[in-house]
Structure formats: structure tokens, C-alpha cells
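# Examining the three-dimensional arrangement
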Amino acid sequence: MTFGGAVDSLVFVAGLFIWLLFIPQIRLLFKEKQARTNSLFLTGGSFALQILLFLQAFLRTNWPSAFVMGMSVLGNAAIICLVLYFRRYPGGRRK
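One structure accompanies this document, and this report is about it. Keep in mind that this is a model prediction, so the values were computed, not measured.

## Looking at the side chain of Asn-76
Mapping Asn-76 onto the fold places it in helix 4 (residues 63-88). A distance of 3.2 Å separates the side chain of Asn-76 from the side chain of Ser-46, its partner in a polar contact.

## A closer look at the nonpolar core
Soluble, globular proteins show a tendency: their nonpolar side chains are buried together. Counting residues in hydrophobic clusters, the biggest one holds seven residues: Phe-22, Leu-29, Ala-35, Ile-79, Leu-82, Val-83 and Phe-86. With four residues, the single largest contributor to this core is helix 4. Among residues more than four places away in sequence, those in contact with Ile-79 are Phe-22, Gln-25, Ile-26, Leu-29 and Thr-43.

## Focus: helix 3 (residues 40-59)
When the terminal C-alpha atoms of helix 3 are compared, their 28 Å separation across 20 residues agrees well with the 28 Å that a helix rising 1.5 Å per residue should span. Regarding helix 3, the residues found buried are Thr-43, Gln-50 and Ala-57. Around the axis of helix 3, the buried residues are gathered within 50 degrees of arc, so they sit on the same side. Turned more than 90 degrees from where helix 3 packs its buried face, Phe-41, Leu-52 and Leu-59 sit exposed. Turning to helix 3, the residues buried within the fold contact helix 4. Looking one or two residues past helix 3, Thr-61 carries a phi angle of roughly 50 degrees, positive in sign.

Conventions we followed
- Throughout this description, residue numbers start from 1 for each chain and increase along the sequence as written.
- Local features in this predicted model are restricted to residues of pLDDT 70 or higher, and side-chain atom pairs are both shown and tallied only at a pLDDT of 80 or more, whereas totals for entire chains, interfaces and linings draw on every residue.
- Derived side-chain values reflect all non-hydrogen atoms in the structure, with water molecules and hydrogen atoms excluded from consideration.
- Put simply, DSSP marks the helices as runs of H or I at least four residues long and the strands as runs of E at least two long, and each gets a number from the N terminus on.
- N or O atoms closer than or at 3.5 Å make up a polar contact, with two conditions inside protein: a donor-capable atom paired with an acceptor-capable one, and, for residues adjacent in sequence, both atoms drawn from side chains.
- Here, nonpolar core means buried Ala, Val, Leu, Ile, Met, Phe, Trp, Tyr and Cys residues that are tied together by side-chain atoms lying within 4.5 Å of each other.
- For every residue, the accessible area (1.4 Å probe, protein chains only) is compared with the maximum for its type, and the residue is labelled buried under 20%, exposed over 50%, or partly exposed between those bounds.
- Here a residue-residue contact requires only that any non-hydrogen atoms of the pair lie within 4.5 Å.
- Helix span, as expected, comes to 1.5 Å for every residue beyond the first.
- Along the arc lie the directions from the helix axis toward the C-beta atoms.

Spelled out as C-alpha cells, the structure:
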């Protein structure tokens, strides 16, 4: 295996576990049921950068990087949705 192939393999494996980085923030949002301290500007900027990097990897057919960035985009999208939800419904919806 070449050095580049080894790096590609490690990047792909990282994509399988990158979602773990989003769990603490998602858990905190569900626990607190509010999102006053989350910066939508920072989260949105990070999301936009991740989409840009995903598109670059996809268009250059760098599949391991595209996979990792795709997983990161999904995790960040989940956080943005939760932040928007808990800003609109602090404490969650009442039943």
C-alpha cells in the first residue's frame, strides 16, 4: 500500500467516526432544551465551509475526503436544526 493509499484509508475510517464529535453538542441541546448560547453565525459559517470542502472533494473525486466532509455536513446540519428548533421552542414543544 502506498503512503497516499494509507492516508486515504485513514481518512475514510475517520469518516466512520466523525459523527461522534457532534454527540456532546446534540446531547447538551436535548438536555438543556434551549440554544441561547449557540452562535448561529459560527455554526452557519462552519456549515458553509464544510459544504465547500465537501464539494471540492466530490468534484475532484476524492471519495474518502468527500465521505468525511459529507458526514460532517450531516452532523452540523443536525446541530443547526436543533439550535433553530430550541430557539423557536425554548424548552421544547408543550404537549
